Amino acid sequence: VGLKELAPGDSPVVDIVTIHGLDGDRELSWTAHDGVLWLKDLLPADIPDARIFTYGYDAATSEGPQLSKLTIHDHAEQLINKVVKERESDNTSSRPIIFIAYGMGGIVWKFVSTFTTRIFPDRI
């Protein structure tokens, strides 16, 4: 759970943030059966000037003692707060961001998109 940097990039000019879907995991969702985490093991070779993050959130629908009680808006707010904090900490707030999402992660991104244009128009 949370934001994790998978590749720092070589003099990065863009940040990539991935968001998994329902019942997903910030790393396992992007990992092939042979153990290759393509965001970390393959993508940096193709886009060396990108810093790559993956974001995990509680998206369980059937496993564990308790299902998530957070709303999609809550997940989106947590994601954007973590991204903003990370980018402010290393003075990269003006760097472009590419979001890659699937399933419910796409819906979380939609809320992020709406939330950021209203709340942080000059910070992301």
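Provided above is the structure to which this section pertains.
Below you will find a few notes about this structure. (Residues numbered from 1 in each chain as written. Predicted model: local features only at pLDDT ≥ 70, side-chain atom pairs only at ≥ 80, totals over all residues. Heavy atoms only, no water.)

Along the chain, the regular secondary structure elements total four helices and four strands. In sequence order, the chain lays out its α and β elements as β-β-α-α-β-α-β-α. Going through the 124 residues of the chain one by one, you find that 33% of them count as buried. In the chain, of all internal contacts separated by at least 6 residues, the share reaching a separation of at least 24 is 78%. For the chain, the exposed surface amounts to about 7000 Å²; the carbon and sulfur share of it is 54%. (Helix = DSSP H or I, 4+ residues; strand = E, 2+ residues; numbered from the N terminus. Buried < 20%, exposed > 50% of the residue type's maximum accessible area, 1.4 Å probe, protein only. Contact = heavy atoms within 4.5 Å. Areas by Shrake-Rupley, 256 points an atom, 1.4 Å probe, with all protein chains shown as cover.)

Right, let's talk about the side chain of Thr-18 for a bit. Locating Thr-18 in the fold gives a position in strand 2 (residues 14-19). Among residues more than four places away in sequence, those in contact with Thr-18 are Trp-30, Leu-39, Phe-53, Thr-54, Tyr-55 and Ile-100.

Turning next to the nonpolar core. Core analysis: the largest hydrophobic core is formed by 15 residues, its most contacted members being Val-17, Tyr-57, Leu-79, Val-108 and Val-112. Contributing elements (two or more residues each) for this core: strand 2, strand 3 (50-56), helix 3 (72-89) and helix 4 (104-119). With five residues, the top contributor of residues to this core is helix 3. Excluding its chain neighbours within four sequence positions, the residues that come into contact with Val-112 are Ala-76, Leu-79, Ile-80 and Phe-99. (Core = buried A, V, L, I, M, F, W, Y, C linked by side-chain atoms within 4.5 Å.)

Judged by pairing direction, the sheet is mixed, and its four strands sit side by side in the order 1-3-2-4 without closing on themselves. Since the sheet does not close on itself, it has two edges, and those belong to strand 1 (2-7) and strand 4 (97-101), each with one partner. For this sheet, the mean angle separating the axes of adjacent strands, direction not counted, is 25°. Taken together, the five bridges between strand 1 and strand 3 define a ladder with antiparallel strand orientation. Within the sheet, the bridge partner assigned to Gly-2 lies in strand 3 and is Gly-56. Each of strand 1, strand 2, strand 3 and strand 4 is contacted by helix 3, which is oriented at about 150° to strand 3, the strand it contacts most. (Pairing = 2+ DSSP bridges. Axes fitted to C-alpha atoms, helices over the stretch in contact; angles between N-to-C directions.)

On to the packing of aromatic side chains, then. Counted according to the given criterion, the structure contains four aromatic pairs. Look at Trp-30 and Tyr-102: their rings are 5.4 Å apart centre to centre, the planes differ by 80°, and that puts the pair in the edge-to-face class. With a gap of 72 residues between them, Trp-30 in the loop between strand 2 and helix 1 (38-41) and Tyr-102 in the loop between strand 4 and helix 4 connect regions that are remote in the sequence. A relative accessible area of 34% places Tyr-102 in the partly exposed class. Ring centres 6.3 Å apart and planes at 15° place the aromatic pair Tyr-55 and Tyr-57 in the stacked group. Note on accessibility: Tyr-55 and Tyr-57 belong to one class, buried. The rings of Trp-30, Trp-38 and Tyr-102 are connected pair by pair, giving a single aromatic cluster. (Phe/Tyr/Trp six-rings, centres within 6.5 Å; stacked < 30°, edge-to-face > 60°.)

Scope: geometric values only; no functional claims are made or implied.
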